[in-house]
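Structure assessment
Here are the chains, one letter per residue:
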Amino acid sequence: MTNDSGKLKIISGNRSGEEFIVRDGMVIGRDRSCDIFIDDNAASRRHCKINIKDEGVEIIDLESRNGTKLNDKLISRAILKPKDRIEIGSTVFVYESVSVKRKGIPKAIILGAVVLFISMTIFFFVQSKEERKKQEIKIHASAGKEYYEQGKYEESLVEYEYCLKLDPQNETIRNNINKIKAKIEAAEYLRYITHYIEKGQFENAEERIKTFLAKDPQNQDVLRLQDYLNKAKTIALKVDSADILMVKNKFEDAIAILQRLYKQYSDSLVKTKLVSALLREGYELEKRGKKKEAIETFTEVLSIDQTNLDARNAIERLKPSTIAIKSSEKSLFKGPTVEKILDIKSSTAVETKEKPAEEKISSLTSEQMSEAEEVYYEGYKAEKDDNDIPKAKELYRKVLEIAPDPNFEFYKKAKARLERL
C-alpha cells in the first residue's frame, strides 16, 4: 500500500503558481472559510472536497452550480492520478502525487513527527479557539465592508450575517446589518417610486418623494429622482400640447414642440411622438402633391429612426429618378442621405439575418411580465404604504403564479419579500 497525498498546484486563474499540500477533508470554493479559497465567480461557495482513502486521493463535487471537471469531463467523484487537471470555473489545478512505499518508517521521521505533534499542540493551546473565531470574523467583516463600499449590498449582508452567527452578541456587526438592510429597502422603495413615474402617476410619486425627503432632505438618490419626476412631468405636459395640435392637423406646430423637446431630453416617448407627427405631415404633403417636401419629411424620419419601414416605403414610392434629393441643412437631425440610409438599412437587415441569437429568451410573454410587475408593486404598496401584510403576501404569491420563472426579476423580488414577511 502507498501513502498517496501529494499536492495541488494552480496553473491557471487568479492564484496561478500557488501550491497546496493535500489534506483529508479539505474544501475548495469561493467562500473565504474554505481550505483553498479561489476568487472565481464561476465557483460555488463550497465547490468540491478532497478525501484521502486507502485507494488514493478522492475528489468529490459538492453539488456545485457549474460542476467540477476532471481532465475536461464533469465528475461527481473520482480518484485522482498524477498530472490530472481539475477545473473549477476559470481556475485550473494540476494534481501532483507523492508516493512512498511503506517498507518501514525511519526513526528520524518518527522523531520529526513527535516534534511536529508537540509543536502543533503548543500552537493550538496558544492560539485559542476564541482567537481563531476573531480572526475569521475579521476576514468576513473586511469582505462585507468591501462589498458595501462597492454598492453590493446583498453580498455585504451575507458576509456580515455570517459574522453574526459566529458572534451573536456583537453589536457592531448587528448595527452594520441593520444599516445594510435599510440601504436595500431604500433602493427598493426608490424603484417603487420610479414605477409610478414611468406609469405617469406623478401625484403618487410626488407624494412619496416628499415623505422620503422629510426624513432625509440630503438624500442624493431621492433628489435625483425628484429631478427625473420634474423632467417626466415637463415632457408629459408638452407631449399633451403636441397631441392637441396634431388632432387639429397643425403638424408643423406639433413637430416644432417635439423637436425642441427631443433635442433637450432625447426621451423615447418624445422620439415616438415626433416620428409619428413627421409621418403624418409627410402623408399630408403627399396628398397635396408636394412630393419633394414629403420626401424631405420622410428623410427626416429616417435620420431619427433608420429602421422605420413606413418612411422607407414612402420614399421609394415618391422618389423620381430625375430629382436629386439633398440633405436638409435646416433639419434638426443631420443624418446620412436617403440613399445611404437605405443602403445602411439593407446591410443591417443582412447582418441581422446572419447573426445567431445570443441571448436567452424568457419563456414568459410580455403580457405576463407586465402584469407580474404591476401586481408586485400593488403588493409593495400594500406592505409599505397601507401596512396590510396579509394582502401584500397574497399579491406576492400571485406574482409567482403569473410569472413562474425563477430567473424573472419580479419573481425573485416577490419570493424574497415573502421570505422576509
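Structure: see above.
Computed from a predicted structure; not experimentally measured.

Across its full length, the protein chain carries 14 helices and 13 strands. Residue burial in the protein chain is summarised as follows: out of 421 residues, 35% are buried. Nonlocal contacts in the protein chain, meaning residues at least 24 apart in sequence, comprise 47% of its contacts between residues at least 6 apart. When the accessible area of the protein chain is evaluated, it comes to approximately 26,500 Å², of which 50% is carbon and sulfur surface.

On to the packing of aromatic side chains. Applying the stated criterion across every chain, the model contains 14 aromatic pairs. A connected cluster of aromatic rings, assembled from ring pairs, spans Tyr189, Tyr192, Tyr196, Phe212, Tyr376, Tyr377, Tyr380, Tyr396, Phe408 and Phe410. A cation over a ring is seen here: Lys179 above Tyr148, with NZ or CZ 5.0 Å from the ring centre.

Right, let's get into unusual backbone geometry. With the exception of glycine, the majority of residues adopt a negative phi angle, and the majority of peptide bonds are in the trans configuration. At Glu63, a residue that is not glycine, the phi angle is positive and equals roughly 55°. Relative to the elements of secondary structure, Glu63 occurs in the loop between strand E7 (56-61) and strand E8 (68-70). The class of Glu63 is exposed, set by a relative accessible area of 75%.

Let us look at the nonpolar core. By size, the foremost hydrophobic cluster in this structure holds 32 residues, and its most contacted members are Ile193, Ile197, Ile209, Tyr376 and Phe408. Elements with a contribution of two residues or more to this core: helix H4 (171-198), helix H5 (202-215), helix H6 (220-247), helix H12 (366-384), helix H13 (389-402) and helix H14 (409-420). Residue contacts for Ile209: discarding those within four places in its chain leaves Ile193, Val222, Leu225, Gln226 and Leu229. Core analysis: the next-biggest nonpolar cluster, separate from the first, contains 29 residues, Val239, Leu245, Ile257 and Ala277 among them.

Turning our eyes to something else, we now look at the pattern of salt bridges. Counted by the stated rule, this structure contains 23 salt bridges. Asp31 is the salt-bridge partner of Arg45, the closest N and O atoms lying 3.9 Å from each other. One end of the pair, Arg45, is in the loop between strand E5 (36-37) and strand E6 (48-53); the other, Asp31, is in the loop between strand E4 (27-29) and E5, and 14 residues separate them in sequence. On the basis of relative accessible area, Arg45 is assigned to the partly exposed category, the value being 33%. Counted as one network, the salt bridges with shared partners bring together Lys53, Glu55, Glu58 and Arg77.

Turning our eyes to something else, we now look at the side chain of Asn308. Structurally, Asn308 can be placed in the loop between helix H9 (291-304) and helix H10 (309-318). From its side chain, Asn308 meets the backbone nitrogen of Asp310 in a polar contact 3.1 Å long. The contact partners of Asn308, leaving out residues within four places of it in the chain, are Val275, Leu279, Val301 and Leu302.

For the coordinates displayed, the defined rule picks out 0 disulfides. This cysteine, Cys34, is not joined by any disulfide, and Cys48 carries the nearest cysteine sulfur, 8.9 Å off. Since its relative accessible area comes to 9%, Cys34 is described here as buried.

Running from amino to carboxyl end, H6 crosses helix H8 (residues 268-287) at an angle of 15°, the nearest separation of the two axes being 11 Å. The pairing of H6 with H8 is recorded here as roughly parallel in orientation. Crossing hand, H6 versus H8: left-handed. In contact with Ile235, Val239, Asp243 and Met246 of H6, H8 contributes Val270, Lys273, Ser276, Ala277 and Arg280. The class makeup of the residues in the contact of H6 with H8 is 5 nonpolar, 1 polar and 3 charged.

The rules behind the values
Residues numbered from 1 in each chain as written. Predicted model: local features only at pLDDT ≥ 70, side-chain atom pairs only at ≥ 80, totals over all residues. Heavy atoms only, no water. Helix = DSSP H or I, 4+ residues; strand = E, 2+ residues; numbered from the N terminus. Buried < 20%, exposed > 50% of the residue type's maximum accessible area, 1.4 Å probe, protein only. Contact = heavy atoms within 4.5 Å. Areas by Shrake-Rupley, 256 points an atom, 1.4 Å probe, with all protein chains shown as cover. Phe/Tyr/Trp six-rings, centres within 6.5 Å; stacked < 30°, edge-to-face > 60°. Lys NZ or Arg CZ within 6 Å of the ring centre and 35° of its normal. Core = buried A, V, L, I, M, F, W, Y, C linked by side-chain atoms within 4.5 Å. Salt bridge = Lys/Arg side-chain N within 4 Å of Asp/Glu carboxyl O. Polar contact = N/O pair within 3.5 Å; in protein donor to acceptor, adjacent residues only side chain to side chain. Disulfide = S-S within 2.5 Å. Axes fitted to C-alpha atoms, helices over the stretch in contact; angles between N-to-C directions. Parallel < 35°, antiparallel > 145°, perpendicular 65-115°, else oblique. Left-handed = near helix turned anticlockwise from the far one by under 90°. Nonpolar A, V, L, I, M, F, W, Y, C, P; charged D, E, K, R; others polar.

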